[in-house]
Amino acid sequence: MSTASASTPVRVAILGASGYTGAELMRLLLRHPRVRITALTGERAAGKPVAEVFPHLAPYDLPVLTKIADVNWDEVDFVFCGLPHGTTQEVIAGLPPHVRVCDLSADFRLFNVDTYAEWYGHAHKAVDLQENAVYGLSEVAREQVSKARLVANPGCYPTASLLPLLPLLKDGLISADDIIIDAKSGVSGAGRDAKQGSLYCEVAEGMHAYGIASHRHAPEIEQSLGWAAGRGDIRIAFTPHLIPMNRGMMATTYVRLKDGVDVAALRASLEKAYAGAAFVKLLAPGVGPQTRHVAGSNLSLINVFADRIPGRAILVSVIDNLMKGASGQAVQNFNIMNGFDETLGLDVVPVFP
């Protein structure tokens, strides 16, 4: 279901282009050989050139920021929606039917609209669209993504957590009833708006857990784990933490092995699941993934370790929360939706140090 011929670029709009995910989308799409950016929106920044909002993008020819109401949809084939949670459903419902969408908010990630209302505090405002939305964990849902009009781009914590977990659950190697996820994110995950909890003095030289036993990514993770395990009653222990760095995310996950299963079997499962995957890499035995080794890239580095406790294992996964956890995976899904090579615009080597 491609929106472009071999010679015609896809005309792209980025809604919410004044945030961190919008900046990352622009950075990636500016070097994408099959894209022309035709519209950028930022409600509070409308009328401003991109250079005024993001000086690092000043050298590039980009449209002036505008309001969503002023976008000429006849000049748009595809939308990346980077609007805040709770604002996206009505916007996407109002788009012309020819426009395909990758939504980076949480508004279409939960298939059950009652679950959405429970966790987000209001009724779902686009139930008909939700019925056909595809949860776009790229490596897991390529076929469904390729046919979709609307892809719900996964959250950063779910992406880091699910990539090592799903193959092991699907292969029946670990228990679905005893999963503990300890996850940590850089501060950019909180967005660009001024908030007390994101101020330098609030986050520097320390770290803290937040959303304890109540973070909205928990049901998103459980939904995918339930799919892999073939059951709908999975509950996990999930605790996110904020760490004083700009970008990066690590998920350390503790699992119980099924009888007769060892870490070698887990490695074999992961190797099979991600053989040939451009962005998910299983490291050599004993090598611990580090956030600094994926910064600025769409990579996910994973590994598995035997726990000191018999019958248990530890999974470690790292991503850049703004890339594979948001804009990078969105571009990956865009490529799949349009029949392009998955790596177009994403062949970015990590920045080090």
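Structure shown above.
Keep in mind that this is a model prediction, so the values were computed, not measured. (Residues numbered from 1 in each chain as written. Predicted model: local features only at pLDDT ≥ 70, side-chain atom pairs only at ≥ 80, totals over all residues. Heavy atoms only, no water.)

Within the protein, the secondary structure is distributed over 11 helices and 14 strands. Since a compact globule built from 353 residues should have a radius of gyration of about 20 Å, the 20 Å found for the protein is in line with a globular shape. With respect to the principal axes defined by its C-alpha atoms, the protein has extents near 60 × 45 × 40 Å. Relative to its 353 residues, the protein shows a buried fraction of 54%. (Helix = DSSP H or I, 4+ residues; strand = E, 2+ residues; numbered from the N terminus. Rg over C-alpha atoms; globule rule 2.2 N^0.38 Å. Buried < 20%, exposed > 50% of the residue type's maximum accessible area, 1.4 Å probe, protein only.)

Spatially, 3-2-1-4-5-7-6 is the arrangement adopted by the seven strands of the open sheet, whose pairing is parallel. The strands lining the two open edges of the sheet, one partner per strand, are strand 3 (65-66) and strand 6 (134-135). Where strand 2 (residues 35-41) meets strand 3, two bridges bridge the pair, whose relative direction is parallel. Note on strand 3: the bridge partner recorded for Thr41 is Thr66. On top of the sheet, helix 1 (residues 20-29) reaches strand 1 (10-15), strand 2 and strand 4 (78-81); it is set at about 160 degrees to strand 1, its chief contact. Running over the sheet, helix 11 (residues 323-337) touches strand 1, strand 2, strand 4, strand 5 (100-103) and strand 7 (150-152) and is turned about 160 degrees from strand 4. (Pairing = 2+ DSSP bridges. Contact = heavy atoms within 4.5 Å. Axes fitted to C-alpha atoms, helices over the stretch in contact; angles between N-to-C directions.)

Here the focus is the pairing of strand 4. Residue alternation in strand 4 divides its side chains into two sets, Phe78 and Phe80 and Val79 and Cys81, and both sets are buried. Across four bridges, strand 1 lies against strand 4 in parallel orientation. Residue pairing in the sheet places Val12 in a bridge with Phe78 of strand 4. The pairing of strand 4 with strand 5 spans four bridges and is classified as parallel. Its bridge partner lying in strand 5, Cys81 is registered against Asp103. Once the chain exits strand 4 it traverses helix 3 (residues 88-93) before rejoining the sheet at strand 5, and the crossover so formed is right-handed. (Right-handed = clockwise from strand over helix to strand, strands pointing away.)

Once that is clear, we can look at the state of the cysteines. A complete count under the given rule lists zero disulfides for this structure. Note on Cys81: no disulfide assigned, nearest cysteine sulfur contributed by Cys102 at a separation of 9.5 Å. Summary of cysteine pairing: Cys156 is not part of a disulfide, and the nearest cysteine sulfur, belonging to Cys102, is at 14 Å. (Disulfide = S-S within 2.5 Å.)

Contact geometry for helix 7 (residues 156-170) and helix 10 (residues 263-273): axes closest at 9 Å, N-to-C directions at 105 degrees. Classified by the angle between their axes, helix 7 and helix 10 sit roughly perpendicular to one another. In this structure, helix 7 contributes Leu163, Pro164, Pro167 and Leu168 to the contact, and helix 10 contributes Leu266, Ser269, Leu270 and Ala273. A class-by-class count of the residues in the contact of helix 7 with helix 10 yields seven nonpolar, one polar and no charged. (Parallel < 35°, antiparallel > 145°, perpendicular 65-115°, else oblique. Nonpolar A, V, L, I, M, F, W, Y, C, P; charged D, E, K, R; others polar.)

Attention now moves to the packing of helix 7 against helix 9 (residues 217-229). For any two helices packed against each other, the geometry comes down to the angle between their axes and how far apart the axes lie. Taken N-terminus to C-terminus, the directions of helix 7 and helix 9 make an angle of 20 degrees; their axes are 9 Å apart at the nearest point. Taken together, helix 7 and helix 9 sit at an angle that is classed as roughly parallel. The crossing of helix 7 and helix 9 is right-handed. Where helix 7 approaches helix 9, its residues Cys156, Tyr157, Pro158, Ser161, Leu162, Leu165, Leu166, Leu169 and Lys170 are matched on the opposing element by His217, Glu220, Ile221, Ser224, Leu225, Trp227, Ala228 and Ala229. When its residues are assigned to classes, the contact of helix 7 with helix 9 shows 12 nonpolar, three polar and two charged. (Left-handed = near helix turned anticlockwise from the far one by under 90°.)

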